[in-house]
Amino acid sequence: MENGNNIAFCLERIDAKFRETFPRRLFEWHGENAYSYPWRQTQEPYAIVVSEFMLQQTQVKTVIPYYLKWMERFENWERLANASEGEVLKAWEGLGYYARARNLHKIAKIVFYEKQGILPSEPTELLKLPGIGLYTANAIASLAFGKKTVALDANGIRVLVRLLSIHQPVNKVRALKELSRMAMNLLSEDSDFSLFNSALMDFGRAVCKALAPKCMICPLKEICQAEQPEQLPFKPKKRIEVRKEKIAILRKEDSIWLHQADSKTGRYRGMWVFPNFDPFAMEQKTILFSLPAFLSRYKIFLEVCEAAWKQEQLFQPNLWQGEWIKKEKISFLPLPAPHRRIWMKLMTERAFSPHPG
DNA sequence: TGTCCACGTCT
DNA sequence: AAGACGTGGAC
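Residues numbered from 1 in each chain as written. Chains lettered and ligands numbered in written order. Predicted model: local features only at pLDDT ≥ 70, side-chain atom pairs only at ≥ 80, totals over all residues. Heavy atoms only, no water.

Chain A appears in an unreviewed UniProt entry as Adenine DNA glycosylase from Methylacidiphilum kamchatkense Kam1. One UniProt comment on chain A, placed under Function (unreviewed entry), says "Adenine glycosylase active on G-A mispairs. MutY also corrects error-prone DNA synthesis past GO lesions which are due to the oxidatively damaged form of guanine: 7,8-dihydro-8-oxoguanine (8-oxo-dGTP)." (UniProt positions renumbered as here; feature names shortened; annotations may be inferred.)

Below is the structure:
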């Protein structure tokens, strides 16, 4: 199968009618249905970068309140560059994929301290910055700098894949580039690429939806070649793996033992977490409750137990990279969602409440 | 202890 | 280059 995984092969399906109808109808639709997100009010590079980082792997509705708070707190490159990692992670708490926050922080330092506060405007330069991949580089270039470049996120990809009935998986860089080039050819030199990118994403989100596409009201219906649009794009199923982890709650007077997640695994790096139960160093008392946590393809049941150090004097605090934290201070630390949930639940139990009685 | 799904970058 | 990284929401 010579053309088995070649998307270019599918491009023959673009005829004159498609070429004419697609951009025109898309822009028409956008004219009547444009969304006005906070980051659409500006072309300021910093604001665009912040919003694009938050929007990676995260839906618009979730991002809006975080974005507004962030821009109030870290209003420009300088503020962000000079913030502490703790502050940054705290502002990101609950958004997930915390590497995004650390990378954004790194970029602020690079831009402010090494580039005189000027963000590069070329996609190839943007790609060199941490946390910026193909999509984000092109999105920033078009939205903040008016570059004539196509930015395809999952929404845009889905729309094109369905319109052209592309059955090949599109998750590889090469396939993505082919699709982008194809989209590029549908526009002319004087087209507004920034508007096109926004329109395509909005359209994918609102009409050509992943789960229940609104084909009945779709303005592109007559040029859509998908027979079963909800089956596209094709994605191999990933199987869920169930795991169990035991979390230890160690108490001393009005403090709880917390530590900063270790950097080896990368998970939750820099965030504060309750320790895993360690049978060599700890003694289990009672099992309090357990909570499910979803991490990528894992479903982890966190079994939370009350525990104590076996012989505390033998374990130097710095060996465990942790410390006793006063209960009322915990709410000021950045905790990942499952650990934040554990703490919420503990707070409702009288013995743990920072304000007992 | 509901289950499944969406959503880019890095290694 | 498969798999890690997290959360919230639809059903």
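Turning next to the nonpolar core. The nonpolar side chains of soluble globular proteins are, as a tendency, buried together. Within the largest apolar cluster, 69 residues are counted, with the highest numbers of intra-cluster contacts made by Trp70, Trp92, Phe274 and Ile342. Those residues within four positions of Phe274 in sequence are excluded, and the remaining contacts are Ile247, Ala248, Ile249, Ile256, Trp257, Leu258, His259, Leu335, His339, Ile342 and Trp343. Core analysis: the second largest hydrophobic core is formed by 36 residues, Ile14, Phe18, Leu26 and Ala199 among them. (Core = buried A, V, L, I, M, F, W, Y, C linked by side-chain atoms within 4.5 Å. Buried < 20%, exposed > 50% of the residue type's maximum accessible area, 1.4 Å probe, protein only. Contact = heavy atoms within 4.5 Å.)

With nine of its 11 residues buried, helix α2 (residues 45-55) lies for the most part within the structure. The complete set of buried residues in α2 reads Tyr46, Ala47, Ile48, Val49, Val50, Ser51, Glu52, Phe53 and Met54. The elements touched by buried residues of α2 are α3 (60-73), α4 (77-81), α5 (85-92), α6 (99-114) and α8 (134-145). Just past α2, the residue Gln57 takes up positive phi, approximately 60°. (Helix = DSSP H or I, 4+ residues; strand = E, 2+ residues; numbered from the N terminus.)

Nonpolar side chains collect at one region of the surface, where Ile240, Val242 and Phe301 lie side by side and expose about 260 Å² of accessible area between them. Here Phe301 is to be found in strand β5 (residues 298-309). By relative accessible area, Phe301 is classed as partly exposed at 30%. (Patch = residues over 30% accessible without salt bridge, like charges linked within 9 Å, V, L, I, M, F, W, Y side chains within 5 Å. Areas by Shrake-Rupley, 256 points an atom, 1.4 Å probe, with all protein chains shown as cover. Salt bridge = Lys/Arg side-chain N within 4 Å of Asp/Glu carboxyl O.)

Of the pockets and cavities examined, the second largest pocket occupies roughly 490 Å³. Lining the second largest pocket are 20 residues, with Gly96, Tyr97, Tyr98, Tyr268 and Leu295 sitting closest to its centre. When residues of the lining of the second largest pocket are traced back to their parent elements, those giving at least two are α6, β4 (282-295) and α12 (337-347). In terms of residue count, the dominant contributor to the lining of the second largest pocket is β4 (four residues). (1 Å grid on protein atoms, 1.4 Å probe; cavity = no way out; pocket = protein on both sides within 12 Å on 5 of 7 lines; lining within 4 Å. Points joined across faces, edges and corners; volume = space filled by probe spheres on them.)

Take the environment of Met271 next. Structurally, Met271 can be placed in the loop between β2 (255-260) and β3 (272-273). Exposure remark for Met271: the relative accessible area of 0% places this residue in the buried category. The sequence separation of Met271 and Leu89 amounts to 182 residues, and the corresponding C-alpha distance is 7.0 Å. Sequence-distant contacts of Met271, that is, excluding residues within four places in its chain, are made with Leu89, Tyr98, His259, Gln260, Ala261, Pro334, Leu335 and Pro336.

Bringing the protein's contact with DNA strand C into the picture now. Near DNA strand C you find 18 residues, and of these Tyr98, Phe294, Ser296, Tyr298 and Ala337 are the closest. Close to the protein, within 4 Å, the atoms of DNA strand C are drawn from sugar and phosphate at a rate of 59%. Contacts to DNA strand C include Gly94, whose backbone N or O atom sits 2.9 Å from a sugar or linking oxygen. Between DNA strand C and Arg297, the relevant distance is 2.7 Å, taken from a phosphate oxygen to a side-chain nitrogen or oxygen of the residue. Elements that contribute at least two residues to the surface near DNA strand C include exactly β4 and α12. (Near = heavy atom within 4 Å. Polar contact = N/O pair within 3.5 Å; in protein donor to acceptor, adjacent residues only side chain to side chain.)

The positions that UniProt labels "domain: HhH-GPD" (unreviewed entry) are, in the present scheme, residues 54-206. Between the first and last C-alpha atoms of residues 54-206 the distance is 19 Å; the span itself is 64% helix and 0% strand.

Turning our eyes to something else, we now look at the packing of aromatic side chains. Inspection of the entire model under this criterion finds 15 aromatic pairs. Between Trp29 and Phe203 the ring centres are 5.3 Å apart and the planes differ by 85°, which places this aromatic pair in the edge-to-face class. Of this pair, Trp29 sits in helix α1 (residues 16-33) while Phe203 is found in helix α11 (residues 193-206), placing the two residues 174 residues apart along the sequence. In this structure, Trp29 and Phe203 share a single accessibility class: buried. Measuring from centroid to centroid gives 5.5 Å for Trp70 and Trp92, while their planes differ by 85°, and the two rings are edge-to-face. Placement of the pair is Trp70 in helix α3 and Trp92 in helix α5, with a sequence separation of 22 residues. In this structure, Trp70 and Trp92 share a single accessibility class: buried. Seen from the ring of Phe277, Lys246 lies directly overhead, with NZ or CZ sitting 5.1 Å from the centre. Looking at Lys345, its charged tip hangs above the ring of Phe289, at a distance of 4.9 Å from the centre. (Phe/Tyr/Trp six-rings, centres within 6.5 Å; stacked < 30°, edge-to-face > 60°. Lys NZ or Arg CZ within 6 Å of the ring centre and 35° of its normal.)

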